[in-house]
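The lines below spell out each chain.
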Amino acid sequence: AQESLQSQSGWVPLLLALLHEYTTSNSQWQPYFSLWQDFRSLDHPMFWPEEERTRLLQGTGIPEAVNKDLANIHLEYSSIILPFMESHPNIFDPSLHTLEMYKQLVAFVMAYSFQEPLEEEDEDENGPNPPMMVPVADILNHVANHNANLEYAPQCLRMVTTRPVSKGQEIFNTYGQMANWQLLHMYGFAEPYPGNTNDTADIQMVTVRKAALQCARSEAEKQLVSEQWDYLCQLEMVGEEGAFVLGWDEVLTEEELSMTLKVLCMSQEEFKEYKEQDGWEDDSEEEENSTLSNEALSRLKTPCKKLLYDSVLLTLESYGSDLKAEHDLLYNKEVYEKLSRREQQALHVRYGQKRILHQLLELV
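All figures in this text were calculated on a predicted structure; none of them were measured in a lab.

Q: Would you explain the environment of Pro164 in this entry?
A: Here Pro164 lies in the loop between strand 5 (157-161) and strand 6 (172-173). On the basis of relative accessibility, which here comes to 76%, the residue Pro164 falls in the exposed class. Distance from Pro164 to Thr253, taken between C-alpha atoms, is 35 Å for residues 89 residues apart in sequence.

Shown next as structure tokens:
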């Protein structure tokens, strides 16, 4: 039935197997599933009431990601899973294998599965490898400052420590270089501030366009911004749903942000010349190869700094609260301990993102 189980996620065969095995009392996997008897330990934002998700995570990018997930889960279940179950009534029962159970198993796969990385030459041609469940390997928690790594060997998986671990000390795996918003979205937890050295903050690409349009003083200047934006879209540097990603020490989408700032800050004449020459040939190699480190950001030309500054201010407006309010919540022990687990997790996500954005404000 492989053909009928093709999906955008590539997860359907594994999820069908889990649906069946999880509800079969004599499944050989029951000892494994008994660790998650009711999946109540999974506290992904997709299980939070929409009101709570919006209130606690506004501006973080998580509500939008969850809405996409839920739409995809509903579509996958109704268009692939249900027809397959109905054609195999001796194995599946839609009244038992419900959408709600399917959603829980999606979160289970999100939080506990492994995906073997592709060889570099396969990355462009194929989508990512399908996920797999690996009992025992999946019991290790994640921190950015981890002390073990997963290694894929032809016949087995190895969990290998990266430094000496003393008796009684916890062994931490890494799930990858994950920002707190990604950890909360995919795994249902965030690293307490300031532990996550891989944390990031996003500036939506369309926010930079909005900031440029706000600076335009005449219709002609607004028209120029629109033409420059269309040009950047053609170059695939920007898109309506894309984001520029900022880390603690540098911009992770440096090529896209450099080019966007440069083009949006050009005069009509400079832009015309730039297009005619397919980008200036005399861009020095040094400029092309420079990373947008914090130091490089502080050396940007004044118009680029201003555009970036305005874009950060607009981004900060998208959150429901300011940095000082978050700081008071986080560092007042009595107040912090009264917060629910969800409120604490969301706080670490928001606070880390805002600190990175405020750091950028200071740099420019």
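Q: Explanation requested: the packing of aromatic side chains in the structure shown.
A: Any aromatic ring pair is given by two values, namely how distant the centres are and how the planes are angled relative to each other. Within this structure, the stated rule accounts for 18 aromatic pairs. A ring pair is formed by Tyr187 and Phe189, whose centres lie 6.3 Å apart and whose planes are at 55°; its orientation type is tilted. Between the aromatic rings of Tyr193 and Trp248, the centroid separation amounts to 6.4 Å while the plane-to-plane angle is 50°, which identifies the pairing as tilted. On the criterion of sequence distance, the pair formed by Tyr193 in the loop between helix 6 (180-187) and strand 7 (201-204) and Trp248 in the loop between strand 8 (243-246) and helix 9 (254-264) is long-range, its members being 55 residues apart. An identical accessibility class is assigned to Tyr193 and Trp248; each is buried.

Q: Looking at this structure, I do not really get the packing of helix 7 (residues 205-215) against helix 13 (residues 302-317). What am I missing?
A: Geometrically, a packed helix pair is captured by the angle between its two axes and the distance between the axes. Viewed as axis vectors pointing N to C, helix 7 and helix 13 meet at an angle of 115°, and their least axial separation amounts to 9 Å. The two elements helix 7 and helix 13 meet at a crossing, and its hand is right-handed. Contacts from Thr207, Val208, Lys210, Ala211, Ala212, Gln214 and Cys215 of helix 7 reach helix 13 at Lys306, Leu307, Asp310, Ser311, Leu314 and Thr315. Counted by class, the contact of helix 7 with helix 13 contains six nonpolar, four polar and three charged residues.

Q: In this structure, what is going on with the packing of helix 3 (residues 50-57) against helix 16 (residues 341-363)? I would like to understand it.
A: Orientation of helix 3 relative to helix 16, taken along the N-to-C sense of each, is 35°, at an axis distance of 9 Å. Touching Glu52, Arg55, Leu56 and Leu57 of helix 3 are Arg342, Glu343, Ala346 and Arg350, all from helix 16. The residue makeup of the contact of helix 3 with helix 16, split by class, is three nonpolar, no polar and five charged.

Q: What's the story with the pattern of salt bridges in this structure? I'm lost.
A: The final tally for this structure, using the stated rule, is 16 salt bridges. A salt bridge links Arg299 to Glu295, with the nearest nitrogen and oxygen atoms 3.1 Å apart. By relative accessible area, Arg299 is classed as exposed at 57%. By sharing partners, the salt bridges in this structure join Asp43, Glu52, Arg341 and Arg342 into a single network.

Q: Honestly, the domain arrangement of the protein chain in this entry has me stumped. Any pointers?
A: How big an interface is tends to be stated in terms of the accessible area lost upon association of its parts. What the domain assignment lists for the protein chain is domain 1 (3-114), domain 2 (132-179) and domain 3 (201-281 + 289-363). Averaged C-alpha coordinates put domain 1 and domain 3 at centres separated by 35 Å. Listed per partner, the contact involves 13 residues of domain 1 and eleven residues of domain 3. Summing both sides of the interface, domain 1 and domain 3 together bury roughly 1000 Å²; the carbon and sulfur share of this comes to 48%. Linking domain 1 with domain 3 are four salt bridges, by the criterion used here. Close ionic contact of Arg342 with Glu52 constitutes a salt bridge, the shortest N to O distance being 2.8 Å. At the boundary of domain 1 and domain 3, one finds seven residue pairs in polar contact (both at pLDDT 80 or more). The set of elements that each furnish at least two residues to the side of domain 1 that touches domain 3 consists of helix 3 and helix 4 (62-86). The leading source of residues in the side of domain 1 that touches domain 3 is helix 3, at four residues.

Q: Which parts of the structure should I look at to understand the state of the cysteines?
A: Linking two cysteines covalently via their sulfur atoms produces the bond known as a disulfide. Evaluation of the coordinates by the stated rule reveals zero disulfides. Of the cysteine sulfurs around Cys215, a residue in no disulfide, the closest is that of Cys265, at 8.5 Å. Cys265 forms no disulfide, and the closest cysteine sulfur to it belongs to Cys304, at a distance of 4.0 Å. Here Cys265 falls in the partly exposed class, since its relative accessible area comes to 26%.

Q: Mind showing me how you'd approach the pairing of strand 7 here?
A: Regular strands show a simple pattern: their side chains alternate between the two faces of the sheet. Along strand 7, the buried face is formed by Ala201 and Ile203; none of Asp202 and Gln204, which line the opposite face, is buried. Taken together, the four bridges between strand 7 and strand 8 define a ladder with antiparallel strand orientation. Of the residues in strand 8, the one forming a bridge with Ala201 is Leu246.

Q: I would appreciate a short explanation of the side chain of His44 in the present structure.
A: Among the secondary structure elements, His44 is positioned in the loop between helix 2 (30-33) and helix 3. A relative accessible area of 0% means that His44 is categorised as buried. What His44 contacts, discounting residues up to four positions off in sequence, is Ala107, Met110, Ala111, Leu184, His185, Met186, Tyr187 and Gly188.

Q: When you look at the side chain of Asn147 in this model, what are you seeing that I'm missing?
A: Note that Asn147 resides in the loop between strand 3 (141-142) and strand 4 (148-152). Side-chain polar atoms of Asn147 contact the backbone nitrogen of Phe172, separated by 2.7 Å. Once you skip the residues sitting within four places of it in the chain, Asn147 turns out to touch Val160, Thr161, Thr162, Arg163, Val165, Gln169, Glu170, Ile171 and Phe172.

What counts as what
- Counting from 1, residues in each chain are numbered in the order their sequence is written.
- A pLDDT threshold of at least 70 governs which residues receive local features in this predicted model, and a stricter bar of 80 or more applies before side-chain atom pairs are shown or counted, although totals over entire chains, interfaces and linings include all residues.
- Heavy atoms throughout the structure, all of them, feed into the side-chain values; hydrogens and water do not.
- By definition, any uninterrupted DSSP run of H or I lasting at least four residues is a helix, any uninterrupted run of E lasting at least two residues is a strand, and each is numbered from the N terminus.
- Per-residue accessibility, obtained with a 1.4 Å probe over protein chains only, is compared with the maximum for each type, and a residue is labelled buried under 20%, exposed over 50%, and partly exposed between these values.
- Each Phe, Tyr or Trp ring (for Trp, its six-membered ring) is paired with any other whose centre lies within 6.5 Å, and the angle between the two planes then decides the class: stacked below 30 degrees, edge-to-face above 60, tilted in between.
- Note on method: axes are straight lines fitted to C-alpha atoms, helices fitted across the in-contact stretch only, with angles between N-to-C directions ranging 0 to 180 degrees.
- Two helices crossing with the near one rotated counterclockwise from the far one by less than a right angle form a left-handed crossing, whereas a clockwise rotation gives a right-handed crossing.
- By the convention used here, residues are in contact when the closest approach between their heavy atoms is within 4.5 Å.
- Residue polarity is assigned by list, with Asp, Glu, Lys and Arg as charged and Ala, Val, Leu, Ile, Met, Phe, Trp, Tyr, Cys and Pro as nonpolar; anything else, Gly included, falls into the polar class.
- For salt bridges, the criterion is a side-chain nitrogen of Lys or Arg within 4 Å of an Asp or Glu carboxyl oxygen.
- Just so you know, the domain bounds were taken from an automatic or database domain assignment.
- Summed over both partners, the accessible area lost on bringing two parts together, with a 1.4 Å probe, is the buried area.
- We call two N or O atoms a polar contact when they sit within 3.5 Å, provided that within protein one can donate a hydrogen and the other can accept it, with sequence-adjacent residues counted only if both atoms are side-chain atoms.
- Any cysteine sulfur atom paired with another within 2.5 Å is treated as part of a disulfide.
- One bridge is not enough; two strands pair if DSSP finds at least two bridges between them.

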